[in-house]
Amino acid sequence: MMYSSFRCWPLALLLTIVACVSAQNIDYRLPTALEPTHYELYLHPDLATGNFTGQERITINVKQATSQIILHSHKLTLTSVYVLSREVENFRLDTERELLIIDMKQPLAADGTITLGIIFEGQMLNKLVGLYTSNYKTATGQQRTIVNSQFEPTYARQAFPCFDEPALKATFNITVVHPTAGSYDAISNMNKIESQNLGENTMATFAISVPMSTYLACIIVADFDHQKSTVKANGIGADFEMRAFATPHQLSKVTFALEFGVAVTEYYIKYFKVEYPLPKLDMAAIPDFSSNAMEHWGLVTYRETALLYDENYSSTLNKQATAAVLAHEITHQWFGNLVTMKWWNDLWLNEGFARFMQYKGVDDVHPDWGMLEQFIIMALHPVMDFDAKLSSHPIVQKVESPDEIAAIFDTISYEKAGSILRMLENLVGSTKFEQAVTSYLTKYKYQNTVTDDFLSEVAALVTDFDLKLLMRTWTEQMGYPVLKVERSSNEAFTFTQQRFLSNKASYEETVEPTEFGYKWTVPITYYLDSSKADEISSIIFSYDSDSVSVRVAENVKWIKLNVHQMGFYRVNYEASIWEQITKQLIADHKRFDIADRAQLLNDAFALADASQISYNVSLEMTAYLSSEEDFVPWYVAASKLVALKKTLMYSESYASYLTYARSLLTNVYKNVGWTVDANNHLKNRLRVSVLNAACSLGVGDCLKEAAERFNKWIANPSAATRPAPDLREIVYHYGMQQANTEASWEKLLAIYQEETDPSEKVKIMFGLTGVSDGQLLYRLLELANDESIVRSQDYHTCVQYIAANPVGESIVWDYYRENWVQLAERFGLNDRYFGRLIASITSGFASEVKLEEVQEFYKKQPESGAGAGSRHQAIETIKYNMNWLQENSADISSWLKGTKSALTV
Ligand code: BES
Ligand code: ZN
């Protein structure tokens, strides 16, 4: 068995085993005796056979005397290994550690330089990492093969033997051989300096790179076309060219990305005040791509849906996502590429920063998109759910094996880290924050850093409190606090803190102790009903204090903490304050701004879900929604209303819940309507959120509209009958659900197969999963195994869509278990998307029987690879769901009974 050396302890310990023994005992790290400084790399991918050959010479500094050269190599066949002017005794591959170990005849003396030469071969088929082939059909229906690379985090070693750790930066001189015919060309990080026609093949040589980590190297061989434009550096370095590449028939779809890309790059140069050091920045849309995008220095690669924009196909959300992904990857050109984390433990320095900065970048170019407030719903709220579980982990997390490294690219490294940076910026002020960023990037350029290096730059600008200590309480321990607010006297409010856990029962479990005892130093901000507009007070609640109090006038009615939800904590008020806040929302909700309203809703529901307040509090609050018109708070409310539908589906209050939820949507549903405004971004976002919720909750008119549009289109598919891009997912999905016939499903499937626009294809796929005929859902699941129908890159999305359909859930669960071995074989246990499937498939499970099934499955398949954490998360979610029903159904049911009568009055 492929993964046999990665064996976990047996079962009894199911819940406590996280770590597999081997992961702890094996030393995955390279020895420190050698440091590469330069790679001469020659690669020749053969598009016809799917194999490649390569040669390299690596210049290496010998730091300490050693008789071994140890570097990474994985899934490569080595035909020759030599060291210039030295003798190699022998070499071998350690497949578990993915290493090439070379024994030298004579030891290498310290302080010298050697040149290691290797000739190697590998294969590029059926994979999305290392060097791999991708296929697409041209406008005339011809099949085309191209070659792409994806090296982050540990796959450069599958393309060439190398010192594949982020701190081992070196310069690269890359040469690529590509077919001369068929419009093929090669692209890489650097500009091409020479193209030598060898007849059938052409050899392209690129300029020497700046020092960079191996995971950032990139080569593409493709017949792409491009558009180009110029980035103005405004005196911070030289102007340079930006090009956007795509398959020739889609070239017109890069216009938006190129225009946005130039604008956001100019913004980052201005913000960072550090020059972009390469002569060009390319972007390319790749038909087969595992993640959404990858920030290779000088050549950012994207999934097609992430880069291409076509107003005839792309929704408002697609447009925003394209901008966001570009902004994110372009931030990495500084955060990650110029300054890189020393080791994956500090991945947040790359990904958390890029996540945080992407919102600033998009906001600068499109100030009317409300990105800074969207941060709250897209990043902060989701990760607060994740981080309220025992299966979470700290931002700075020790990782060693490739599976652990793959798994650390998760919502903690991205969204929690991004949220902590947002809190930090709010605490020290945007000017100091920006200054610290500039000095950090300047000081560490071409080098590697740890968390403390960044914090030192910020701390240097702050004198009135211990900033590093404050930040360590957030980066070194998982979770976050809920602050309890009490009116301790007529003249004071008192705050205390406790770790927030979503499942009440989790408080009973023993947790690994931390230095700060799961207390945090919390930068608190607040205002009172008596405060003037924009008057904000602040106070720091140190982790080692039991409580803090603030004095207020006797006539103060309420206090609102965590202004604009800049802090990573929840706030629970004593009942009378909740009541006052709710009254205020109902009387004049604009007393709280958009972010504060979103936060109040989100906190109230999260606290109710966790049994820390009565569910009545959150339900009472929803009454104000009849006058809410903004997207961000509605997004919170609509998501919660839809989620509650799922959890209450098998409870006695289901019907009365639906009635209530629909009544809340009445006004806003009328207000958004079914006509898309060309230029109102946030209204468009609101519309989709509301229509989705309305269809999901069974608002009759919404389902009728969706069905009518669907039937009209499916009867006669054409540009004229096709709904507006924003409405397509809703119309396809709920239209299919309402039609629910095999004939229309078949027709939709045929349209799906013929469709060539990548984002339209995903929308139709979502449509196909709307049907409630289990037989058809099962067929789709089977069809999804065929690469020519569902690309490997989209397989997990397809499975998740099916599992999210109540009829599909058990079909997917059975299928997943029955075919797990083949699936693991196809995707590999190191695939983090495959690893995460378990958590999403089982996310709605809420019974003892299901819990046992999941545990049984783990017993049977103990090797989880990059999915280890997700397995724990899945178990914890099921237990939470079970507990939730016990704790809350009765409350909700009796509240609804009361309201129902009130509503009918
Ligand atoms: N560096 C990542 C790509 C990546 C992710 C490589 C995981 C290896 C493992 C890239 O910067 C990234 O974060 N991509 C995101 C998109 C972005 C908008 C968050 C992705 O692919 O989802
Ligand atoms: Zn990233």
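Residues numbered from 1 in each chain as written. Chains lettered and ligands numbered in written order. Predicted model: local features only at pLDDT ≥ 70, side-chain atom pairs only at ≥ 80, totals over all residues. Heavy atoms only, no water.

Trainee: Looking at this structure, how should I read the side chain of S759?
Mentor: Turning to its location among the elements, S759 is positioned in helix α21 (residues 758-768). The class for S759 is buried, based on a relative accessible area of 8%. For S759, the contacting residues outside a window of four places in its chain are T305, Y313, S314 and N318. (Helix = DSSP H or I, 4+ residues; strand = E, 2+ residues; numbered from the N terminus. Buried < 20%, exposed > 50% of the residue type's maximum accessible area, 1.4 Å probe, protein only. Contact = heavy atoms within 4.5 Å.)

Trainee: What exactly am I supposed to notice about the site of ligand 1 here?
Mentor: Close contacts around ligand 1 come from 17 residues, with E152, N292, E295, Y414 and R832 the closest. Take S291: an N or O atom from its side chain is 3.3 Å from an oxygen atom of ligand 1. N292 places a polar main-chain atom, nitrogen or oxygen, 2.6 Å from an oxygen atom of ligand 1. Within the complex, the protein chains bury 92% of what would otherwise be the 510 Å² of accessible surface of ligand 1. (Near = heavy atom within 4 Å. Polar contact = N/O pair within 3.5 Å; in protein donor to acceptor, adjacent residues only side chain to side chain. Areas by Shrake-Rupley, 256 points an atom, 1.4 Å probe, with all protein chains shown as cover.)

Trainee: Mind showing me how you'd approach the coordination of the zinc ion (ligand 2) here?
Mentor: Put simply, the ideal angle at a metal is 109.5 degrees for four donors in tetrahedral geometry and 90 or 180 degrees for six donors in octahedral geometry. The zinc ion (ligand 2) binds to the protein through H328 (NE2), H332 (NE2) and E351 (OE); the donor distances cover 1.9 to 2.1 Å. Written as a sequence motif, the donor residues of the zinc ion (ligand 2) are H-x3-H-x18-E. Here E351 lies in helix α5 (residues 348-365) and H332 lies in helix α4 (residues 316-332), a separation of 19 residues in the sequence. Taken as a pair, H332 and E351 share a single burial class, namely buried. (Donors = N, O, S within 2.8 Å, 3.2 Å for Na, K, Ca; no water.)

Trainee: Please clarify how the side chain of S73 should be interpreted in this entry.
Mentor: Take S73: it is sitting in the loop between β3 (66-72) and β4 (77-83). Setting aside residues up to four positions removed in sequence, S73 forms contacts with L78, L93, E98, L99, L100, R157 and P161.

Trainee: What is the right way to read the pattern of salt bridges from this model?
Mentor: Opposite charge on two side chains allows them to pair when their charged atoms are near. Summed over the entire model, instances satisfying the criterion amount to 44 salt bridges. In the salt-bridge network here, residues are joined through shared partners; they are R722, R728, E755 and E760. (Salt bridge = Lys/Arg side-chain N within 4 Å of Asp/Glu carboxyl O.)

Trainee: How do you make sense of the sheet that holds strand β6 (residues 99-108) when you look at a structure like this?
Mentor: Picture the strands of a sheet paired through backbone hydrogen bonds; they go either parallel or antiparallel. Taken in spatial order, the three strands make up an open sheet running β3-β6-β5, and their pairing is antiparallel. If you trace the sheet from one side to the other, it starts and ends with β3 and β5 (88-94), each paired once. Mean inter-strand twist for the sheet, computed between neighbouring axes without regard to direction, equals 20 degrees. Both β5 and β6 contribute to a ladder of six bridges, which runs antiparallel. Within β6, the position partnered with F91 by the bridge is I102. (Pairing = 2+ DSSP bridges. Axes fitted to C-alpha atoms, helices over the stretch in contact; angles between N-to-C directions.)

Trainee: Mind showing me how you'd approach the layout of surface pockets here?
Mentor: Rolling a probe over the atoms, with the probe sized like a water molecule, indicates the empty space that remains. A volume near 420 Å³ is recorded for the second largest pocket. What lines the second largest pocket is a set of 19 residues, among which Y309, T316, K319, A678 and N684 lie closest to the centre. Counting residues per element, the ones that place at least two in the lining of the second largest pocket are α4, α17 (681-696) and α19 (725-739). When its residues are assigned to classes, the lining of the second largest pocket shows six nonpolar, eight polar and five charged. (1 Å grid on protein atoms, 1.4 Å probe; cavity = no way out; pocket = protein on both sides within 12 Å on 5 of 7 lines; lining within 4 Å. Points joined across faces, edges and corners; volume = space filled by probe spheres on them. Nonpolar A, V, L, I, M, F, W, Y, C, P; charged D, E, K, R; others polar.)

Trainee: It is not clear to me how the packing of aromatic side chains should be interpreted in this structure. Could you clarify?
Mentor: Between two aromatic rings, the relevant description is the distance of the centres plus the angle of the planes. Applying the stated criterion across every chain yields a total of 56 aromatic pairs. Centre to centre, the rings of F335 and F353 are 3.8 Å apart; their planes meet at 5 degrees, and the pair counts as stacked. Note that F335 is positioned in the loop between α4 and β20 (339-341) and F353 in helix α5, a separation of 18 residues in sequence. Owing to a relative accessible area of 1%, F335 belongs among the buried residues under this scheme. Between the aromatic rings of Y615 and W884, the centroid separation amounts to 5.9 Å while the plane-to-plane angle is 85 degrees, which identifies the pairing as edge-to-face. Taken together, the positions of Y615 in helix α14 (residues 615-621) and W884 in helix α28 (residues 868-904) put the pair 269 residues apart, joining distant regions of the chain. When the ring centre of F493 is taken as reference, the NZ or CZ atom of R487 above it lies at 4.7 Å. The lysine or arginine in question, R570, covers the ring of F500, its NZ or CZ lying 5.1 Å from the ring centre. (Phe/Tyr/Trp six-rings, centres within 6.5 Å; stacked < 30°, edge-to-face > 60°. Lys NZ or Arg CZ within 6 Å of the ring centre and 35° of its normal.)

Trainee: How should I be thinking about the sheet that holds strand β26 (residues 547-551) in this particular structure?
Mentor: Ordered by their spatial adjacency, four strands build an open sheet running β26-β23-β22-β28, and the pairing between neighbours is mixed. Edge strands, defined here as strands with exactly one partner in the open sheet, are β26 and β28 (570-573). Averaged over all neighbouring strand pairs, the angle between strand axes comes to 25 degrees, with direction disregarded. In terms of strand pairing, strand β22 (residues 481-489) meets strand β23 (residues 492-499) through eight bridges, oriented antiparallel. In the strand pairing of β23, S489 is matched with A492. Across the sheet, helix α12 (residues 575-588) touches β22, β23 and β28, and the angle it forms with β28 is around 105 degrees.

Trainee: Looking at this model, I keep getting lost on the packing of helix α15 (residues 631-648) against α17. Mind explaining?
Mentor: Each pair of packed helices gets described by two things: the angle between the helix axes and the distance between those axes. It is at 9 Å that the axes of α15 and α17 come closest, and there the two elements cross at 15 degrees. Regarding the angle of α15 to α17, the classification is roughly parallel. Judged by the twist between their axes, the crossing of α15 over α17 is left-handed. For the pair α15 and α17, contact is made by F631, W634, Y635, A638, V642 and K645 and by L682, R685, L686, S689, A693 and S696, respectively. Per-class residue counts for the contact of α15 with α17 are eight nonpolar, two polar and two charged. (Parallel < 35°, antiparallel > 145°, perpendicular 65-115°, else oblique. Left-handed = near helix turned anticlockwise from the far one by under 90°.)

Trainee: Looking at this model, I keep getting lost on α12. Mind explaining?
Mentor: For α12, which comprises 14 residues, the first-to-last C-alpha distance of 20 Å matches the rise-based estimate of 20 Å (1.5 Å per residue) to within 8%. Those residues of α12 that fall on the buried side of the exposure criterion are I577, W578, I581, T582, Q584 and L585. Taken down its axis, α12 places every buried residue within 155 degrees of arc, on the same side. Facing away from the buried side of α12 by more than 90 degrees, the exposed set consists of A575, K583 and A587. The elements touched by buried residues of α12 are β22, β23, β27 (559-561), β28, α13 (594-609) and α14. (Expected span 1.5 Å × (residues − 1). Arc of directions from axis to C-beta.)

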